[in-house]
Amino acid sequence: MSTKVMTRQNEKNRNKIRTMAQIGMLSAIATVLMLFEIPLPFAPSFYEIDFSEVPILIGSFAMGPLAGAAIELIKILLNFAINGTMTAGEIANFLIGCSLVVPAALIYHKKHTRIGAVAGMAAGTVFMTVVGCFLNAFVLLPAYAKAFGMPIDGLVGMGTAVNKHITDLKTFVILAVGPFNLLKGILVSLIVFLVYKKISPILKMNA
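Residues numbered from 1 in each chain as written. Predicted model: local features only at pLDDT ≥ 70, side-chain atom pairs only at ≥ 80, totals over all residues. Heavy atoms only, no water.

Draft legend 1. Just the pattern of salt bridges, in detail. Per the counting criterion, the structure on display carries four salt bridges. Residue K75 is joined to E72 by a salt bridge in which the shortest nitrogen-to-oxygen separation is 2.8 Å. Of this pair, K75 and E72 both sit in helix α3 (residues 65-83), three residues apart, which is roughly one turn of the helix. Accessibility classification places K75 together with E72 in one group, the buried group. (Salt bridge = Lys/Arg side-chain N within 4 Å of Asp/Glu carboxyl O. Helix = DSSP H or I, 4+ residues; strand = E, 2+ residues; numbered from the N terminus. Buried < 20%, exposed > 50% of the residue type's maximum accessible area, 1.4 Å probe, protein only.)

Right, here's the structure in full:
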């Protein structure tokens, strides 16, 4: 094996190790951020915003959509290790998180500019809002109802308490779940937009 081939192989190995280390680091940061949740005035108390998708979106932009999905998955697994429970809710949260970071990264890597990043995050936010509404209606809300030991109507009543226009599951999803995911996507995207250029050189160092 020639020295040039060996050097190329060693460089590939170093890149793989660095990528794995960065995925692990960003997953750990995302898991910590997941613990800090902010309640919202227009949604019931069990809907709280966290910013765990910030490091995941940064990783997606720097290393690609597959890396973003991997970070999202590891975050969920680490959360499972901490809390000791894995439910349909965690699977739904994984899918909702991926629905933001994967489309955003795909668009950004096709159009590697600031406009591409903004377009990607906008598309990801819209897609996450749609996916979030669907999964909340059919997966998360039933899971919450089971966890709280109450019927879906009981959760709707919790929504009515904060917004009188919430009267059934449909209005709950439209007036609480939709705005929740839309706001989260916008805030996460804004933070990433402000910090990515400062952080990305560290992630791409020696790439």
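So that's the structure; there's more coming.
Draft legend 2. Representation of the packing of aromatic side chains. Scanning the entire structure with this criterion turns up nine aromatic pairs. With a centroid separation of 4.7 Å and an interplanar angle of 50°, the aromatic rings of F46 and Y144 are classed as tilted. Within this pair, whereas F46 is found in the loop between β1 (38-39) and β2 (48-49), its partner Y144 is found in helix α5 (residues 114-148), the two being separated by 98 residues in sequence. Between Y108 and Y196, the aromatic rings sit 6.0 Å apart at their centres with planes inclined by 85°, giving edge-to-face as the arrangement. Of this pair, Y108 sits in helix α4 (residues 88-110) while Y196 sits in helix α7 (residues 169-203), and the two are 88 residues apart along the sequence. (Phe/Tyr/Trp six-rings, centres within 6.5 Å; stacked < 30°, edge-to-face > 60°.)

Draft legend 3. A look at the nonpolar core. Core analysis: the largest hydrophobic core is formed by 28 residues, its most contacted members being L57, F61, V192 and Y196. Of all the secondary structure elements, the ones that give two or more residues to this core are α1 (3-34), α2 (53-63), α3, α4, α5 and α7. Per-element tally for this core: the top contributor is α4, with seven residues. With 17 residues, the next largest nonpolar core counts I49, V156, V173 and F180 among its residues. (Core = buried A, V, L, I, M, F, W, Y, C linked by side-chain atoms within 4.5 Å.)

Draft legend 4. Highlighting the packing of α2 against α3. Between α2 and α3, whose axes approach to 7 Å, the crossing angle comes to 150°. On the basis of their axis angle, the class for α2 and α3 is roughly antiparallel. The way α2 lies across α3 gives a crossing that is right-handed. Of α3, the residues touching α2 (which contributes E53, I56, G59, S60 and M63) are P65, A67, G68, I71, E72 and K75. A class-by-class count of the residues in the contact of α2 with α3 yields five nonpolar, three polar and three charged. (Axes fitted to C-alpha atoms, helices over the stretch in contact; angles between N-to-C directions. Parallel < 35°, antiparallel > 145°, perpendicular 65-115°, else oblique. Left-handed = near helix turned anticlockwise from the far one by under 90°. Contact = heavy atoms within 4.5 Å. Nonpolar A, V, L, I, M, F, W, Y, C, P; charged D, E, K, R; others polar.)

Draft legend 5. Structural view of the environment of V32. As for its position among the elements, V32 is in helix α1. A sequence separation of 46 residues divides V32 from L78, and the C-alpha atoms of the two residues are 9.6 Å apart.

Draft legend 6. Inspection of the side chain of S99 at higher detail. Topologically, S99 is positioned in helix α4. Among the polar contacts made by the side chain of S99, one reaches the main-chain carbonyl oxygen of I96 at a distance of 2.5 Å. Setting aside residues no more than four positions away along its own chain, S99 makes contact with G124, F127, M128 and V131. (Polar contact = N/O pair within 3.5 Å; in protein donor to acceptor, adjacent residues only side chain to side chain.)

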